[in-house]
Amino acid sequence: LMVMWSMHASTGSTKLRWRLACTDQQEAPSPETSLRSIFLLAGEPLEFIPKQFVDRAKFSAEQLLSPEQIRRMDSEAWAGSLTKKGTNASEAFKQVPPGWMTVLKGDSWPNMKGKGAVYRLPQFGKRVYIEVDLLEAPAIPAATPKASEQVEQEYRPSFLQSLGPLAGIAAFILGLASKTFIFKAGQQRRMELEQTLRALQRRPEETIEDETARLQGFEQKLWTDLEPDEAPVVLVVGSETETGQVVLRKLITSGYPCVELKSGSADEHLGKQGKEGATFVTAVAQTTDFPGTRGNVMQGQKRFLASVPDSLYDAVSGVDKLVICDCDDPQENQGEVVGNVLRAWQLYRQDFAEYQRAFNGKVQIFNFKRSTDFELWDLERQYPSDMCYGVQRAGWTRNEKGLALFLGQFFEAYGQCTLRSPKLKLNFSRFGGILIGVYNAAVKNKFSWFLRTSDFERTRVQYEFEFECEATTWNYVRMPFNAFKAVRTDGVPLPDDVVPGEIELRREDVVQMGVVFRTNGEERIYEGDRMNYFSLAIDFVKAFRAQKEPQVVYVGRADQTTPAMPKQASDGESESEQTRGPWNGLYTPPKTSAEAVLRSGVAFTMLRVKGLNEHPGGKFPVVLHQAPLERPHLTFDTENVGSISRGDVAALLVSAMSEPNCVNAEIMAGEPDGSETGAVITSTLQEDVKGYLKQLQPNK
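Small disclaimer: the values here were computed from a predicted structure and weren't measured. (Residues numbered from 1 in each chain as written. Predicted model: local features only at pLDDT ≥ 70, side-chain atom pairs only at ≥ 80, totals over all residues. Heavy atoms only, no water.)

This part takes up the overall build of the protein chain. When helices and strands are counted, the protein chain shows 18 helices and 35 strands. When each of the 700 residues of the protein chain is scored for burial, the buried share is 49%. Relative to all contacts within the protein chain whose residues are 6 or more apart in sequence, the contacts with residues 24 or more apart total 78%. Accessible area of the protein chain: about 35300 Å², with a carbon and sulfur share of 53%. (Helix = DSSP H or I, 4+ residues; strand = E, 2+ residues; numbered from the N terminus. Buried < 20%, exposed > 50% of the residue type's maximum accessible area, 1.4 Å probe, protein only. Contact = heavy atoms within 4.5 Å. Areas by Shrake-Rupley, 256 points an atom, 1.4 Å probe, with all protein chains shown as cover.)

Dropping the structure here:
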């Protein structure tokens, strides 16, 4: 009645429509109206974006999404998809908490054409609220720009101005009444009656602790169950495995809204399904063996997205994080499945949540398919020098497939060849590292990617990340800035007395990058008389943005490493068929889930185990070993870790979901097997697991 009377007093309405809604999981759509008042009693807050921040073109594009997709986007992603370029999305959106009433004007309200309120009731809609819509009212004259302030003043509810003084008077009268003899006598009489009833019913007297616990339980029942935390929506891949089921239950009990992904074929019933009584959504999608196109609604034109069908695209819509369970028995094509899921998720985020450049997870620095980027790079021509030495023959060219190729050979045991970019000003202060895609066409070789700062000419010190490439394979190398080491330009390590803090990489001051190949005194003959031959095709160079939390949490077996591809195509298969695929035109399918995660370039946590046992979770100690930052991923191993229970895996995984120190971290976990050299968690049930994860060395 209060809400309806406020609407009537404000507008002089003759007809209103009201609704009392108690929603869970599904939100009943409301018809459009010129004026709507919403009074939130309990549950999730209402979110809105002030009109001065709204980009109306983006708002029109968002209307192509379903209401469910919009509601399931996290707050910052939703705001980022609607605000103007250059706006801080996290600060643009506002919230109306429970207990407050808000009035929203639609496009049909006078002088609001194209400026209607932009709001939503987010996520799974657990809330209780009253909604009142204006249906009929006396004609409200359209205000001119000069008279707009006068019109708003005219329809401001004048009676509300007296509520403030009235509330103060009421509080004053109530305070005086509570001090009177009659009030105190009645209070004493109620206490005596309560004690008499307690004695007759033989109830023990309630202590202060019991009363506090009872009130906390009452508050939790009123608010916590109805107002879920701002927990991200999690898509679980591999939930059909035994470990996946344990992880899914742990995520749900920890308060995460979950989507369970199941693979299906084109002739099956695909889409999202919610079972009665279930606390999660099951999405059945085609994850392998598909062509498929989808329109790019943000650009208003069609673009071909190979191998991303609508069912898979819809399955990842609204998802904030991914959990990949791949530590049970190996499954066929699991690497391809995970790669397709990650690709679809990244496309979704690019289309709707991260379309502004400031929100992109990765930023492309060089794309060597473009002639302009290719021509910017060149070999180091100062010979002999600390950057190029040894008798050699090298080149920077393109092969018959159009790939940019860094190749050469040496005629003596010691030598160095350098390929470098032009001098640029690159500020990587908000980025976590560099991702490159390279193809090694020769024998197994080691290369070093280097970065130089503005003081290079004075110090002759550069920062290098060493990586090894198997023969005839595509390699997607992820290089965190924390893993770059300072060395002399000629590859000689710095003296031991150099203070590490004085030579740390300054990310905001990078002026040049490149790749270097050194022979280090080895003599390796390749196909005839070519000594120390190398051939490295470079596809792209990207920078991945630093993340506050992991975007993907992966759990897999320690024996799953990046496999080497066969050196030649099988009989009956042409080379073009072998390399054809959706990624960059040339494609080596990921053979494992871990390889697919590393190739995607998203921020991850990699939890590796050496086997699973049937122990109950939390009953046996667990030891954690972090892989050294300077080592390539999936190459670390230790003998001091045994198998682990599924319950402990789930506890570690859920704790890593929101721990900043777990970003891009690789962890070996298991029950102690021998000397306990790592961090030992006595019980994942009784101890704070996140406290142990905070001790990890950040790898951002």
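The structure having been displayed, the exposition proceeds.
The tally for this structure, following the rule as stated, stands at 27 salt bridges. Between arginine 19 and glutamate 131 there is a salt bridge, with the nearest N and O atoms lying 3.5 Å from each other. Highlighted residues: arginine 19 in strand β1 (residues 15-23) and glutamate 131 in strand β7 (residues 127-136), separated in sequence by 112 residues. Residue arginine 19 is classed as partly exposed on the basis of its relative accessible area of 23%. The class of glutamate 131 is buried, set by a relative accessible area of 5%. Salt-bridge contacts for aspartate 378 lead to arginine 381; the nearest nitrogen and oxygen are separated by 3.0 Å. Each of Arg17, Arg19, Arg36, Glu131 and Asp133 takes part in one network of salt bridges that share partners. (Salt bridge = Lys/Arg side-chain N within 4 Å of Asp/Glu carboxyl O.)

Let's shift gears to the nonpolar core. Within the largest apolar cluster, 44 residues are counted, with the highest numbers of intra-cluster contacts made by Trp396, Trp449, Phe467 and Met513. Ignoring sequence-local partners within four residues, the contact set of tryptophan 396 consists of Phe368, Phe374, Trp377, Asp378, Leu379, Ala404, Leu405, Phe406, Leu419 and Ile538. Of all hydrophobic cores here, the second largest spans 35 residues; its members include Tyr256, Leu652, Leu653 and Ala665. (Core = buried A, V, L, I, M, F, W, Y, C linked by side-chain atoms within 4.5 Å.)

A separate point is unusual backbone geometry. Put simply, tyrosine 383 and proline 384 share a cis peptide bond, and its omega is -10 degrees. Within the secondary structure, proline 384 sits in the loop between β16 (378-379) and β17 (392-398). Of note, arginine 460 is a non-glycine position whose phi angle comes to about 55 degrees, a positive value. What makes arginine 460 partly exposed here is its relative accessible area of 23%. Positive phi values are uncommon outside glycine, yet asparagine 532 reaches one of about 50 degrees.

Think of a sheet as strands paired side by side through backbone hydrogen bonds, with each pair either parallel or antiparallel. One open sheet accounts for three strands, arranged β4-β3-β6; its pairing is antiparallel. Where the open sheet ends on each side, the last strands, each with one partner, are β4 (94-96) and β6 (118-120). Across the sheet, the mean angle separating the axes of adjacent strands is 30 degrees when strand polarity is ignored. Pairing analysis gives three bridges linking strand β3 (residues 46-49) to β4, with the strands arranged antiparallel. Across the sheet, residue leucine 46 finds its bridge partner in β4, namely valine 96. (Pairing = 2+ DSSP bridges. Axes fitted to C-alpha atoms, helices over the stretch in contact; angles between N-to-C directions.)

Right, let's get into helix α10 (residues 242-253). One turn of the α-helix equals 3.6 residues, which is why residues spaced by three or four share an orientation. In a regular helix each residue adds 1.5 Å, so twelve residues correspond to 16 Å; α10 covers 17 Å between its end C-alpha atoms and thus fits that length. Buried within α10 are the following residues: Thr243, Gly244, Val246, Val247, Leu248 and Leu251. Tucked into the core, α10 has its buried residues touching β8 (234-237), β9 (258-263), β14 (321-326), β31 (612-613) and α17 (646-656). (Expected span 1.5 Å × (residues − 1).)

What follows deals with the sheet that holds β16. Spatially, β16-β19-β25-β21-β22-β24 is the arrangement adopted by the six strands of the open sheet, whose pairing is antiparallel. Looking at which strands have only one partner, the edges of the open sheet turn out to be β16 and β24 (485-488). Taken together, the two bridges between β16 and strand β19 (residues 416-420) define a ladder with antiparallel strand orientation. Residue leucine 379 lies in a different strand from β19, and its bridge partner there is leucine 419.

Now for the packing of α10 against α17. Put simply, α10 and α17 touch, their axes get as near as 9 Å, and they point 50 degrees apart. Judged by the angle between their axes, α10 and α17 are oblique. The hand of the α10/α17 crossing is right-handed. Along its contact with α10, which presents Glu242, Thr243, Val246, Val247, Lys250 and Leu251, the element α17 presents Arg646, Gly647, Val649, Ala650, Ala651, Leu653 and Val654. (Parallel < 35°, antiparallel > 145°, perpendicular 65-115°, else oblique. Left-handed = near helix turned anticlockwise from the far one by under 90°.)

To continue, consider the pairing of strand β23 (residues 473-480). Counting buried positions along β23 yields eight of eight residues, so the element is predominantly enclosed. Side-chain alternation along β23 places Thr473, Asn475, Val477 and Met479 on one buried face and Trp474, Tyr476, Arg478 and Pro480 on a second face that is also buried. Bridging between strand β20 (residues 431-440) and β23 involves eight bridges; their strand directions are antiparallel. Its bridge partner lying in β23, glycine 433 is registered against proline 480.

Given two aromatic rings, their pairing is described by the distance between the two centres and the angle made by the two planes. A complete count under the given rule lists 21 aromatic pairs for this structure. Note on phenylalanine 368 and tryptophan 377: the rings are 5.3 Å apart at their centroids and 85 degrees apart in plane angle, and the pair reads as edge-to-face. Arranged with centres 5.4 Å apart and planes meeting at 45 degrees, the rings of phenylalanine 447 and phenylalanine 517 form a pair that is tilted. Here phenylalanine 447, found in strand β21 (residues 445-453), pairs with phenylalanine 517, found in strand β25 (residues 510-518); they are 70 residues apart in sequence, far enough to count as distant. The buried category is assigned to phenylalanine 447, whose relative accessible area is 1%. Owing to a relative accessible area of 3%, phenylalanine 517 belongs among the buried residues under this scheme. By the ring-pair criterion, three or more aromatic residues cluster together here, those being Phe366, Phe368, Phe374, Trp377, Trp396 and Trp449. Lying across the ring of phenylalanine 544, arginine 478 places its NZ or CZ 3.9 Å from the centre. Seen from the ring of phenylalanine 540, lysine 542 lies directly overhead, with NZ or CZ sitting 4.7 Å from the centre. (Phe/Tyr/Trp six-rings, centres within 6.5 Å; stacked < 30°, edge-to-face > 60°. Lys NZ or Arg CZ within 6 Å of the ring centre and 35° of its normal.)

This paragraph deals with the pairing of strand β28 (residues 534-545). Here β28 lies mainly inside the structure; eleven of its twelve residues are buried. As defined by bridge partners, strand β15 (residues 362-367) adjoins β28 across five bridges and the pair is classed as antiparallel. Bridge pairing in β28 links glutamine 364 to lysine 542. Note: strand β18 (residues 404-410) against β28, five bridges, orientation antiparallel. By the bridge assignment for β28, leucine 405 is matched with alanine 537. As paired strands, β20 and β28 are joined by nine bridges and run antiparallel to one another.

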